[in-house]
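In case you want the letters, here they are:
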Amino acid sequence: QVQLVESGGGLVQAGGSLRLSCAASGVTFSFYTVGWFRQAPGKEREFVAGIITRDIKTSYADSVKGRFTISRDNNKNTVYLQMNSLKPEDAAVYYCAGRPGIYIATTAEAYDYWGQGTQVTVSS
């Protein structure tokens, strides 16, 4: 059974940083694509960043390029999202999602497995 568990969310001031983690079990992460999505109240879930875990290919939403960095540690079966220069509009519940294969899909429907989410709050 595949499980994804996010951690690292919290409250941070605008301009601050957080690092989110997505730990996987029940799956060999090195053959997966992992995406980070976020959903703010009243808004649709949106793609933030994705990574193909067997190589270094990554993809980012325009709104986070240059501020967020996605990375992975296949030995720990964990994917990270380093978030710098946070803005109030980055506040949301952040989810990690996984799908087998080596294509970074940007739509939520393309992902098979989801974590429970972690809340990120950014104060202005």
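Report on the accompanying structure. Remember, predicted model here, so these are calculated numbers, not experimental data.

A few words on the sheet that holds strand S3 (residues 18-25). With antiparallel pairing, the four strands of this open sheet are ordered in space as S1-S3-S8-S7. At either end of the open sheet lies a strand with only one pairing partner, and these are strand S1 (3-7) and strand S7 (68-73). For this sheet, the mean inter-axis angle between neighbouring strands, taken without regard to orientation, is 15°. Of the pairings in the sheet, the one linking S3 to strand S8 (residues 78-83) comprises six bridges and is antiparallel in character. Across the sheet, the residue bridging to Leu-20 is Leu-81, located in S8.

Moving on: the pairing of strand S4 (residues 32-39). S4 sits mainly inside the fold: seven of its eight residues count as buried. Where S4 meets strand S9 (residues 92-100), eight bridges bridge the pair, whose relative direction is antiparallel. Bridging across to S9, Val-34 finds its partner in Gly-98. Alignment of S4 against strand S5 (residues 46-52), held across six bridges, turns out to be antiparallel. Each residue of the ladder has a partner; that of Thr-33, found in S5, is Ile-52.

Under the definition given, this model contains six aromatic pairs. Between Phe-37 and Phe-47 the ring centres are 5.7 Å apart and the planes differ by 75°, which places this aromatic pair in the edge-to-face class. On the criterion of sequence distance, the pair formed by Phe-37 in strand S4 and Phe-47 in strand S5 is long-range, its members being ten residues apart. You'll find Phe-37 and Phe-47 in the same group, each marked buried.

In terms of nonpolar packing, the biggest core is built from 29 residues, with Trp-36, Val-48, Phe-68, Ile-70, Leu-81, Met-83 and Tyr-94 touching the most fellow members. Only S3, S4, S5, S7, S8, S9 and strand S11 (118-123) provide two or more residues apiece to this core. The residues contacting Tyr-94, other than those within four sequence positions of it, are Glu-6, Leu-20, Trp-36, Phe-37, Arg-38, Val-48, Phe-68, Leu-81, Met-83, Gly-117, Thr-118 and Val-120. Formed by seven residues, the second largest nonpolar core is a distinct cluster that contains Phe-37, Phe-47, Ile-104 and Ala-105.

Take Asp-90: it is sitting in the loop between S8 and S9. When neighbours within four sequence positions are excluded, Asp-90 is seen to be in contact with Arg-38, Arg-67, Phe-68, Ser-85, Val-120 and Val-122.

Rules used in this analysis
- Here the residue index of a chain counts from 1 through its sequence in written order.
- Given that this is a predicted model, residues contribute local features only at a pLDDT of at least 70 and side-chain atom pairs are listed and counted only at 80 or more, while totals for whole chains, interfaces and linings are drawn from all residues.
- Hydrogens and water are ignored here; the side-chain numbers use all heavy atoms of the structure.
- When DSSP finds two or more bridges between two strands, those strands count as paired.
- Secondary structure follows DSSP: runs of H or I at least 4 residues long count as helices, runs of E at least 2 residues long count as strands, and numbering of each begins at the N terminus.
- Axis geometry follows a simple rule: fit a line to the C-alpha atoms, using only the stretch in contact for helices, then measure angles between N-to-C directions, giving values from 0 to 180 degrees.
- Remark: exposure states derive from per-residue accessible area (1.4 Å probe, protein chains only) relative to the maximum for the residue type, with buried under 20%, exposed over 50%, and partly exposed in between.
- The aromatic pairing rule takes the rings of Phe, Tyr and Trp, using the six-membered ring of Trp, and pairs them if the centres are within 6.5 Å, calling planes under 30 degrees apart stacked, those over 60 edge-to-face and the rest tilted.
- The criterion is simple. A nonpolar core is a set of buried Ala, Val, Leu, Ile, Met, Phe, Trp, Tyr and Cys residues joined through side-chain atoms within 4.5 Å.
- A contact between two residues is defined here by any heavy atoms of the two lying within 4.5 Å.

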